[in-house]
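Okay, here's what each chain looks like letter by letter:
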Amino acid sequence: MPSKRKPNILFFFSDQQRWDTCGCYGQRREVTPNLDRMAAQGVRFEHAYTCQPVCGPARACLQTGKYATGTGCVINGIALPQDSKTLAHWMTEAGYSVGYVGKWHLASNSSAKIAEETFHDRPVPPERRGGYKDFWVASDVLEFTSHSYDGHMWDADGNQVDFPENRYRVDVVTDHVEHFLDTRDADKPFFLFVSYIEPHHQNDHHRYEGPTGSKERFADYDVPGDLVDTKGDWRENYPDYLGCCNALDTALGRLRAKLEALGIADDTIIVYTSDHGSHFCTRNSEYKRSPHDGCIRVPMIITGPGFEGGKVVDGMASLIDLPPTLLAAAGIEVPKYMHGRDLKPLVDGRANDWPQEVFLQISESQYGRAIRTRKWKYSVVNRDVPGWRREPVDTLTEECLYDLEADPHERNNLVKDPALAPVRAQLAEILKRRMEQAGEPAPEILPAV
């Protein structure tokens, strides 16, 4: 029987993983059998989305419960402010052991152009670890300190921890998670955030790198609908991409088995999700930073105490909802400044006023904002300012309108259709309201030209 103490929480975080790589979301190939079993036992969110389709900003949102403009981390290479109160701080106050393994991406101020402010090739100092004080094996930017079969991270004392020879990166990260589980303080509940780099592309190799044999194993794949008849680079990369996702799934199976062996599986909440997806250079010149579903829709599955029964939740869920969900699960009162909502009432069918849309801030490739409802995708942009701008703008211009019921793969942009002007006007008002809720001033929204 589960104990009455606070639940353990294991946050299993992938990087750049589309929702449709998973069998429980319709993937035909056997890529994620362990995750599919977890979904059958727990809760799967059918409509789950990032709140910022860029690595660092999405991570800042998850650690703080604030949108990227609320943290100041609106692009990669901006460090999380050291006075930020993170999930680790909240959990520590509630009596948890807190640990972090993998990719951090919140320590460096790369834009400062000061060597002392970047930690791409050296250990992250304790004051820049967001409060994860009890266990730490990580790199600030793991794709800069490793490849699929070589590399290193650093431990809590700043010692370099090299990958064993010929061991795949996913397996190395998982080895350190198992070490934490074996050596933790068993008298305290734990909150462990595990941040894998897969299936993110390997930057310096300009390709996705699955385990050896992935190209052959996953050569027979179904092309996702949004990629059919497009250019991009999915043809050479998709089998390896699926190989990365399968390696993550094997790691999930390992960790669930470890929890069972330790006798704490029934006391542990596991969250599986990703920071954003990948559109394989079909919407812009790289893999993310766009409002399209291939980029913003992610898997989100939770299992453990309070998240059981094989439920499928149809409501709109966002990464921004996970921080309040985790705090509530740990018995912590959710602070009013957090921008998301506890997902548990939605899971239980008690959320009568749940938002009918998710809100996104988009940066780097553009200065953009978007909302996604069950039927509509509506995005706006300011092309006169750089995508890394931090300050608010006075005007935004309509960029995209997709009818997702008639056009789920977003091939027909209706943003200039005069018959849909009333729809755009209604969506613009919703978008402005969501911007204000996120602490941004409401802009003037201009029609597309």
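Residues numbered from 1 in each chain as written. Predicted model: local features only at pLDDT ≥ 70, side-chain atom pairs only at ≥ 80, totals over all residues. Heavy atoms only, no water.

Can you explain the overall build of the chain? Please cite residues and give values.
A tally of regular secondary structure across the chain gives twelve helices and 16 strands. Since a compact globule built from 449 residues should have a radius of gyration of about 22 Å, the 21 Å found for the chain is in line with a globular shape. Dimensions of the chain, computed from C-alpha atoms along their principal axes, come out at roughly 65 × 50 × 50 Å. For the chain, with 449 residues in total, the buried portion stands at 62%. By element, 48% of the accessible surface of the chain is carried by carbon and sulfur atoms, the whole surface being about 17,100 Å². For the chain, the distance from the average site of its 52 positive side-chain charges to the average site of its 66 negative ones is 3 Å. (Helix = DSSP H or I, 4+ residues; strand = E, 2+ residues; numbered from the N terminus. Rg over C-alpha atoms; globule rule 2.2 N^0.38 Å. Buried < 20%, exposed > 50% of the residue type's maximum accessible area, 1.4 Å probe, protein only. Areas by Shrake-Rupley, 256 points an atom, 1.4 Å probe, with all protein chains shown as cover. Lys, Arg positive; Asp, Glu negative; His and termini not counted. Charge placed at Lys NZ, Arg CZ, Asp CG, Glu CD.)

Tell me about helix 6 (residues 169-183), and please be specific about residues and values.
A rise of 1.5 Å per residue sets the reference length of helix 6, with its 15 residues, at 21 Å; its end C-alpha atoms lie 22 Å apart and thus fit the reference within 8%. Among the 15 residues of helix 6, eleven are classified as buried, and the element is accordingly described as predominantly covered. Buried within helix 6 are the following residues: Arg 169, Val 170, Asp 171, Val 172, Val 173, Thr 174, His 176, Val 177, Glu 178, Phe 180 and Leu 181. (Expected span 1.5 Å × (residues − 1).)

I'd like to hear about the side chain of Arg 297, residue by residue, with values.
Summarising the element assignment, Arg 297 is placed in the loop between helix 9 (293-296) and strand 10 (300-303). Exposure remark for Arg 297: the relative accessible area of 9% places this residue in the buried category. Here Arg 297 is in contact with Gln 17, Arg 18, Trp 19, Glu 46, His 47, Ala 48 and Tyr 49, once residues within four sequence places are set aside. (Contact = heavy atoms within 4.5 Å.)

I'd like to hear about the sheet that holds strand 14 (residues 376-382), residue by residue, with values.
The five strands are arranged 12-13-14-15-16 in an open sheet whose pairing can be described as mixed. Looking at which strands have only one partner, the edges of the open sheet turn out to be strand 12 (357-362) and strand 16 (444-446). The average undirected angle you get between the axes of adjacent strands in this sheet is 25°. (Pairing = 2+ DSSP bridges. Axes fitted to C-alpha atoms, helices over the stretch in contact; angles between N-to-C directions.)

I'd like a rundown of the packing of aromatic side chains, residues and numbers included.
Considering all chains together, one arrives at 24 aromatic pairs under this definition. With centroids separated by 5.7 Å and ring planes inclined at 75°, the aromatic side chains of Trp 104 and Trp 136 adopt a geometry described as edge-to-face. You can see Trp 104 sitting in the loop between strand 3 (97-103) and strand 4 (135-139) and its partner Trp 136 sitting in strand 4, a full 32 residues away along the chain. We classify Trp 104 as buried; its relative accessible area is 0%. (Phe/Tyr/Trp six-rings, centres within 6.5 Å; stacked < 30°, edge-to-face > 60°.)

Tell me about the side chain of Lys 377, and name the residues and values.
Looking at the secondary structure, you find Lys 377 in strand 14. For Lys 377, a relative accessible area of 1% corresponds to the buried category. Among the polar contacts listed, one links the side chain of Lys 377 to the side chain of Asp 293, at a separation of 2.9 Å. When sequence neighbours within four positions are dropped, the list of residues in contact with Lys 377 reads Pro 291, His 292, Asp 293, Ile 296, Ile 371, Arg 372, Cys 400, Leu 401, Tyr 402, Leu 404 and Glu 410. (Polar contact = N/O pair within 3.5 Å; in protein donor to acceptor, adjacent residues only side chain to side chain.)

Tell me what's going on with the pattern of salt bridges, and back it up with residues and numbers.
Counted by the stated rule, this structure contains 36 salt bridges. In this structure, the salt-bridge partner of Glu 209 is Arg 207, at a minimum N-O distance of 3.4 Å. When its relative accessible area of 5% is taken as the criterion, Glu 209 is described as buried. Glu 357 is the partner of Arg 434 in a salt bridge, and the nearest nitrogen-oxygen pair spans 2.7 Å. In this pair, Arg 434 sits in helix 12 (residues 421-437) while Glu 357 sits in strand 12, placing the two residues 77 residues apart along the sequence. Given the relative accessible area of 10%, Arg 434 is considered buried. One network of salt bridges, in which partners are shared, links Asp 15, Arg 59, Lys 103, Glu 143 and Asp 275. (Salt bridge = Lys/Arg side-chain N within 4 Å of Asp/Glu carboxyl O.)

An account of unusual backbone geometry is requested, with residue identities and associated values reported.
Here the bond from Glu 198 into Pro 199 is cis, since omega is 0°, no more than 30 degrees from zero. Within the element layout of this structure, Pro 199 appears in the loop between strand 8 (190-195) and helix 7 (214-217). Despite not being glycine, Glu 364 shows a phi value in the positive range, around 70°. The topology assignment puts Glu 364 in the loop between strand 12 and strand 13 (367-373).

Give a detailed account of the environment of Ala 265, specifying residues and quantitative values.
As for its position among the elements, Ala 265 is in the loop between helix 8 (234-261) and strand 9 (268-274). C-alpha of Ala 265 to C-alpha of Asp 83: the two residues are 182 residues apart in sequence and 34 Å apart in space. If we ignore the near neighbours within four places in the chain, the residues touching Ala 265 are Leu 259 and Glu 260.

Before we move on, can you summarise the pairing of strand 14 with the specific residues and values?
Of all seven residues that make up strand 14, seven are buried, and the element is covered over most of its length. On strand 14, burial covers both faces: Trp 376, Tyr 378, Val 380 and Asn 382 on one face and Lys 377, Ser 379 and Val 381 on the other are all buried. Taken together, the six bridges between strand 13 and strand 14 define a ladder with antiparallel strand orientation. Bridged to Ile 371 within strand 14 is Tyr 378. Taking the residues that link successive antiparallel strands as the turn, the strand 13-strand 14 hairpin has two residues. Across six bridges, the pairing between strand 14 and strand 15 (residues 395-403) is antiparallel. Note on strand 15: the bridge partner recorded for Tyr 378 is Leu 401.

Before we move on, can you summarise the packing of helix 6 against helix 8 with the specific residues and values?
The interhelical angle for the contact between helix 6 and helix 8, taken along N-to-C directions, is 15°, at an axis separation of 10 Å. Relative to helix 8, the element helix 6 is oriented roughly parallel. As for how helix 6 packs across helix 8, the hand of that crossing is right-handed. Residue-level contacts link Val 170, Asp 171, Thr 174, Asp 175, Val 177, Glu 178, Leu 181 and Asp 182 of helix 6 to Ala 247, Leu 248, Ala 251, Arg 254, Leu 255, Lys 258 and Leu 259 of helix 8. Residues belonging to the contact of helix 6 with helix 8 are distributed by class as follows: eight nonpolar, one polar and six charged. (Parallel < 35°, antiparallel > 145°, perpendicular 65-115°, else oblique. Left-handed = near helix turned anticlockwise from the far one by under 90°. Nonpolar A, V, L, I, M, F, W, Y, C, P; charged D, E, K, R; others polar.)

None of this, on its own, says anything about what the molecule does.
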